[in-house]
Amino acid sequence: MIAPLLGLLACAGGDDTGAEASRWLLPLPDWLPEPAVPEDNPATPEGFAYGRHLFYDPALSGNGTQSCADCHEPARAFTDGEITPVGSTGDTIPRNGLALVNVAWNGTYTWPNPLLTTLEDQLLVPMFAEHPVELGMTGNLDAIRARLEAEPRYAELGAAAFPDADPFADENLVRALATFTRGLISSDSPYDRYQYGGDAVAMSGEARRGMSLFFAEKTECYHCHGGVNFSVSFVSAETTTLPEAFFNTGLYNVGGTGDYPAPNTGLYEFTGDPEDMGRFRTPTLRNIALTAPYMHDGSVATLDDVIEHYNRGGRLIEEGPNAGDGAENPYQHSLVRPMNLTDTEKAELRAFLESLTDETFLTNTDYADPWAEGDTAP
Ligand code: HEC
Ligand code: HEC
């Protein structure tokens, strides 16, 4: 079972009033709206427990060498610290790993893809993709099933999660992993305790001054990183339309033509529309201090460098194949422009971003490796 976090969480239980029953049966603080959940995959504690075991199990990869957690480590808010990770068979994945924090509310999944609107669809990529290979399950499903069937814990976990279906069928592996990922919820950072928990001293004065900057026209950050999840890419059970959330922040301007280096051209890769060059989905900033390096290709090393990028109104690359002034990129969003922050203001902005680090999330035993010695959770 999933223990309540510091009394903040209340279970959004089933609805027996005759209206549509809730498909969210995992813990949720009352200030977060219920996430949208596919009809055929209710978010149950049993699905979460099964998915958690699969997430940490290298048996799930084709050659038995890699688990989801190799690229998504809990202590780094489920990123891996790499610029770009390497899959189970040695392929380099062209983009920086994304944090798995409150992804239940993402409007779309991955940095550039506008078509992946559910976790179930997104997970087909790390599980089954062949170019590049991540877990490499394609062509190895029989061997993977045999490994899972040989592990006694899965018989019970799988039957509890899918009492009326084959728990080892690939679509049910996807469903359980989606439920686990959906249930990774951060809601107890100093900012959350200040903003939603009424704890006036949870944030330092410096972090509060940084918060004022973040939510002001001087920096414009909140226009794109707004809302409870610090991203306009936000959808809940009540939402009916997808928000506009892909932007070019002026990281590149290769050759002065506005280009981003291949293969990471952003939304353009999917639409072919020149206006979409360099537009990526706005990521959440929750636990951002732990997820370096930054941006879709991991090309920005530190939070200070990110702040410098925005303060300049775009990144200048002086030499090499990617040389160009991002501030002059014709497709850059107009809200990213020089802001002349003082050193004190930059430090305040960083302190605010650091106040989004949620120790409760990072150390939550319900999210940790169930195969580790001493673990007692189901
Ligand atoms: C080889 C490293 C690697 C492995 C293994 C891996 N991932 Fe990822 N994951 C990534 C990278 C890199 C991205 C960003 C991909 C992109 O933008 O195209 C990502 C993105 C995601 C996202 C999208 C998050 C968002 O905010 O859009 C989810 C969800 C996810 N991974 C879950 C998983 C799960 C579950 C597994 C195991 C089945 C897994 N990943 C295995 C590297 C990996
Ligand atoms: C026009 C919309 C927009 C504005 C304004 C904006 N951002 Fe961003 N932010 C983005 C997008 C889009 C990305 C991803 C860009 C990429 O990878 O190419 C991003 C990336 C980031 C990242 C890196 C996230 C990661 O996981 O690697 C940080 C940190 C960040 N922004 C902080 C800020 C701060 C602080 C401000 C205000 C000074 C700000 N942003 C203003 C849209 C915006």
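An account of the accompanying structure is given in this report. (Residues numbered from 1 in each chain as written. Chains lettered and ligands numbered in written order. Predicted model: local features only at pLDDT ≥ 70, side-chain atom pairs only at ≥ 80, totals over all residues. Heavy atoms only, no water.)

Along the chain, the regular secondary structure elements total 13 helices and 6 strands. In terms of overall dimensions, the chain is globule-like: its C-alpha atoms have a radius of gyration of 21 Å, near the 21 Å expected for 378 residues. Its C-alpha atoms give the chain principal-axis dimensions of about 60 × 50 × 40 Å. A total of 378 residues make up the chain; the buried ones form 53% of that total. Counted over contacts in the chain with a minimum sequence separation of 6, partners at least 24 positions apart contribute 65%. For the chain, the computed accessible surface area is about 16300 Å², with 53% contributed by carbon and sulfur atoms. Across the chain, the mean location of the 21 positive side-chain charges is 5 Å away from that of the 57 negative side-chain charges. (Helix = DSSP H or I, 4+ residues; strand = E, 2+ residues; numbered from the N terminus. Rg over C-alpha atoms; globule rule 2.2 N^0.38 Å. Buried < 20%, exposed > 50% of the residue type's maximum accessible area, 1.4 Å probe, protein only. Contact = heavy atoms within 4.5 Å. Areas by Shrake-Rupley, 256 points an atom, 1.4 Å probe, with all protein chains shown as cover. Lys, Arg positive; Asp, Glu negative; His and termini not counted. Charge placed at Lys NZ, Arg CZ, Asp CG, Glu CD.)

Here the iron atom of ligand 2 is held by His225 (NE2) and Tyr310 (OH), and the distances to it run 1.9 to 2.1 Å. With 6 donor atoms in place around the iron atom of ligand 2 and angles of 83 to 179° between them, the coordination shape is octahedral. With His225 in the loop between helix H9 (221-224) and strand S3 (246-247) and Tyr310 in helix H11 (residues 303-312), this pair connects stretches of sequence that are 85 residues apart. (Donors = N, O, S within 2.8 Å, 3.2 Å for Na, K, Ca; no water. Tetrahedral: all angles 85-135°; square planar, octahedral: opposite > 155°, others 65-115°.)

Another aspect to go through is the coordination of the iron atom of ligand 1. Just one protein atom donates to the iron atom of ligand 1; it is His72 (NE2), sitting 2.1 Å from the metal. As for its position among the elements, His72 is in the loop between helix H2 (68-71) and helix H3 (119-128).

Attention now moves to the site of ligand 1. Around ligand 1 there are 30 residues in total, and Cys68, Cys71, His72, Thr110 and Arg281 lie nearest to it. Here an oxygen atom of ligand 1 and a side-chain polar atom of Arg95 are 2.8 Å apart. Within the backbone of Thr110, an N or O atom sits 2.7 Å from an oxygen atom of ligand 1. Of all the secondary-structure elements, those providing two or more residues to the shell around ligand 1 are H2 and H3. Among the residues making up the shell around ligand 1, the classes are represented as 17 nonpolar, 10 polar and 3 charged. (Near = heavy atom within 4 Å. Polar contact = N/O pair within 3.5 Å; in protein donor to acceptor, adjacent residues only side chain to side chain. Nonpolar A, V, L, I, M, F, W, Y, C, P; charged D, E, K, R; others polar.)

Time to look at the site of ligand 2. Around ligand 2 there are 22 residues in total, and Cys221, Cys224, His225, His296 and Tyr310 lie nearest to it. Separating a nitrogen atom of ligand 2 from a side-chain N or O atom of His225 is a distance of 2.9 Å. A distance of 2.6 Å separates a nitrogen atom of ligand 2 from a polar side-chain atom of Tyr310. Contributions of two or more residues to the shell around ligand 2 are made by H9 and H11. Sorting elements by how many residues they give to the shell around ligand 2 places H11 first, with 3 residues.

This part is about empty space enclosed by the protein. Taken as a whole and assessed by the stated rule, the structure comprises 2 cavities of 30 Å³ or more. Lining the second largest cavity, in full, are Asn106, Asn229, Ser231, Ser233, Arg281, Thr282, Pro283 and Thr284. In terms of residue class, the lining of the second largest cavity is built from 1 nonpolar, 6 polar and 1 charged. (1 Å grid on protein atoms, 1.4 Å probe; cavity = no way out; pocket = protein on both sides within 12 Å on 5 of 7 lines; lining within 4 Å. Points joined across faces, edges and corners; volume = space filled by probe spheres on them.)

To continue, consider the packing of aromatic side chains. Under the counting rule described, the total for this entry stands at 24 aromatic pairs. Site record: aromatic cluster; members linked through ring pairs are Trp31, Tyr191, Tyr196, Phe214, Phe215, Tyr222, Phe230 and Phe352. Seen from the ring of Tyr252, Arg315 lies directly overhead, with NZ or CZ sitting 4.7 Å from the centre. (Phe/Tyr/Trp six-rings, centres within 6.5 Å; stacked < 30°, edge-to-face > 60°. Lys NZ or Arg CZ within 6 Å of the ring centre and 35° of its normal.)

Another aspect to go through is the pattern of salt bridges. This model, assessed by the stated rule, comprises 18 salt bridges. Here Glu73 and Arg76 are joined by a salt bridge, their closest N and O atoms 2.9 Å apart. Since its relative accessible area comes to 34%, Arg76 is described here as partly exposed. Residues Lys346 and Asp343 are paired through a salt bridge, measuring 3.7 Å at the closest nitrogen-oxygen approach. Pair noted here: Lys346 and Asp343 are both in helix H12 (residues 343-354), with a separation of 3 residues, about one helical turn. Classification of Lys346 by relative accessible area gives buried; the value is 17%. (Salt bridge = Lys/Arg side-chain N within 4 Å of Asp/Glu carboxyl O.)

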